[in-house]
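Here's the letter readout for the chains.
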Amino acid sequence: MDMNAYSIAQLVADLKAIRAQAKDEREILNRARPLARRAALAKDSWLEPRMYEADPEQGFGVHLLHEEPDHTLAIFAVSWLPGRGTPPHDHGTWAVVAGVDGPELNRFFERVDDRSRPGHAEVKKSGEKVFGVGDVVAMPTGGIHVVWNESDQVSVSLHIYGKHINFTGRSQYDPEKQTETPFVVATT
Ligand SMILES: [Fe+2]
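Residues numbered from 1 in each chain as written. Predicted model: local features only at pLDDT ≥ 70, side-chain atom pairs only at ≥ 80, totals over all residues. Heavy atoms only, no water.

Engineer: Describe the overall build of the protein, listing the residues and the values that go with them.
Structural biologist: Broken down by element type, the protein carries two helices and ten strands. The order of α-helices and β-strands along the protein, N terminus first, is α-α-β-β-β-β-β-β-β-β-β-β. Scaling as 2.2 N^0.38, a compact globule of 188 residues should have a C-alpha radius of gyration of about 16 Å, and the protein matches this with 16 Å. Counting only C-alpha atoms and orienting by the principal axes, one finds that the protein spans roughly 55 × 40 × 30 Å. Taking all 188 residues of the protein together, the buried fraction comes to 47%. Looking at the protein alone, contacts between residues at least 24 apart form 74% of all its contacts between residues at least 6 apart. Accessible area of the protein: about 9400 Å², with a carbon and sulfur share of 50%. Charge separation in the protein, taken as the distance between the mean sites of 21 positive and 27 negative side-chain charges, equals 4 Å. (Helix = DSSP H or I, 4+ residues; strand = E, 2+ residues; numbered from the N terminus. Rg over C-alpha atoms; globule rule 2.2 N^0.38 Å. Buried < 20%, exposed > 50% of the residue type's maximum accessible area, 1.4 Å probe, protein only. Contact = heavy atoms within 4.5 Å. Areas by Shrake-Rupley, 256 points an atom, 1.4 Å probe, with all protein chains shown as cover. Lys, Arg positive; Asp, Glu negative; His and termini not counted. Charge placed at Lys NZ, Arg CZ, Asp CG, Glu CD.)

Engineer: Run through the coordination of the iron ion, naming residues and quoting values.
Structural biologist: Note on metal sites: the ideal angle is 109.5 degrees for four tetrahedral donors, and 90 or 180 degrees for six octahedral donors. Ligation of the iron ion by protein atoms is provided by H89 (NE2), H91 (NE2) and H145 (NE2), these donors lying 2.1 Å from the ion. Summarised as a motif, the one-chain spacing of the donors to the iron ion is H-x1-H-x53-H. Linking H91 in the loop between strand 2 (72–80) and strand 3 (95–101) with H145 in strand 7 (residues 144–148), this pair joins segments that are 54 residues apart in sequence. Taken individually, H91 and H145 each receive the classification buried, so the pair is uniform in this respect. (Donors = N, O, S within 2.8 Å, 3.2 Å for Na, K, Ca; no water.)

Engineer: Account for helix 2 (residues 25–41), with residues named and values stated.
Structural biologist: In an α-helix there are 3.6 residues to a turn, and that puts residues three or four apart on one side. Over its 17 residues, helix 2 extends 24 Å from the first C-alpha to the last, a length consistent with the 24 Å expected when each residue adds 1.5 Å. Along its length, helix 2 reaches its greatest deviation from straightness, about 30 degrees, at A32, and the proline P34 lies no more than four positions downstream. Turning to helix 2, its buried residues are E27, I28, L29, A32, L35, A36, A39 and A40. Buried residues along helix 2 sit in contact with helix 1 (8–21), strand 3, strand 6 (136–139) and strand 8 (155–163). (Expected span 1.5 Å × (residues − 1). Bend = angle between axes of the 7 residues up to and from the residue.)

Engineer: Outline helix 1, listing residues and values.
Structural biologist: In this model, helix 1 (14 residues) spans 20 Å end to end at C-alpha, consistent with the 20 Å of a helix rising 1.5 Å per residue. When helix 1 is considered as a whole, its buried residues turn out to be I8, L11, V12, L15 and I18. For helix 1, the angular spread of the buried residues around the axis is 125 degrees, confining them to a single face. Among the exposed residues of helix 1, those oriented more than 90 degrees off its buried face are A9, A20 and Q21. (Arc of directions from axis to C-beta.)

Engineer: Describe the environment of Q10, and please don't skip the residues or the numbers.
Structural biologist: Within the secondary structure, Q10 sits in helix 1. Each C-alpha atom of the pair Q10 and H71 lies 18 Å from the other, and the pair is 61 residues apart in sequence. For Q10, the side chain forms a polar contact with the main-chain nitrogen of S7, separated by 2.9 Å. (Polar contact = N/O pair within 3.5 Å; in protein donor to acceptor, adjacent residues only side chain to side chain.)

Engineer: Quick one: what's the story with the pairing of strand 4 (residues 104–111), residue by residue and with numbers?
Structural biologist: For strand 4, the buried fraction is high: six of the eight residues fall into the buried class. Pairing analysis gives eight bridges linking strand 4 to strand 5 (residues 123–131), with the strands arranged antiparallel. Looking at the pairing, F109 lines up with K125 of strand 5. In terms of strand pairing, strand 4 meets strand 7 through five bridges, oriented antiparallel. When the bridges of strand 7 are listed, N106 appears paired with V147. (Pairing = 2+ DSSP bridges.)

Engineer: Lay out the side chain of H159 with the relevant residues and their values.
Structural biologist: Within the secondary structure, H159 is located in strand 8. Looking at H159, its side chain comes within polar contact range of the side chain of S157, at 2.8 Å. Excluding residues that lie within four positions of it along the chain, H159 makes contacts with A74, I75, F76, V78, W80, V96 and V97.

Engineer: Kindly report on the nonpolar core, identifying the contributing residues and their values.
Structural biologist: In terms of nonpolar packing, the biggest core is built from 29 residues, with L11, L15, W46, I75, V96, L158 and I160 touching the most fellow members. Only helix 1, helix 2, strand 2, strand 3 and strand 8 provide two or more residues apiece to this core. Residue contributions to this core peak at seven residues, all from helix 2. Setting aside its immediate chain neighbours within four residues, L15 contacts A32, L35, L73, I75 and I160. Counting residues in each nonpolar core, the second largest holds 17 residues, with W80, V97, Y161 and I165 among its members. (Core = buried A, V, L, I, M, F, W, Y, C linked by side-chain atoms within 4.5 Å.)

Structural data, given as structure tokens:
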């Protein structure tokens, strides 16, 4: 028996227990963090070659591994083509992301306008960091970031969200045009 094995089904069971016990989102994030790392490092338990496939149009591939019937507790393997990534975006829910294969640059932003004009948004870069295998990014609802694959190989990361990101009404941001628009991704 592989003592390091950790299946997506086990991860889901552990996340459900956390969700039932946690008093707030912060506690969910803190407790989900080590589980995401454990699952990322146990990739032999669940990672399949098809999860390296990416949509050339959007620059990445979003492979659904789990969601509850009400779209909560959504887990994805996301593959990133070399030199590709996302626009600045939020998730409309909490997010915990762990590196599985290859480095991924995360660039973080803060929203600085007063949200008084629909469709208008001003975001300011607040930091950046490269996350490697087993490294975890945990973001509360409202956190904004860019993910970019600066390497010359497809990278893969494990993404856990409070709710499936196409059902949260989340946004993408254009820092130059100062716009906020819906961000829906193609999934498999
Ligand atoms: Fe994201």
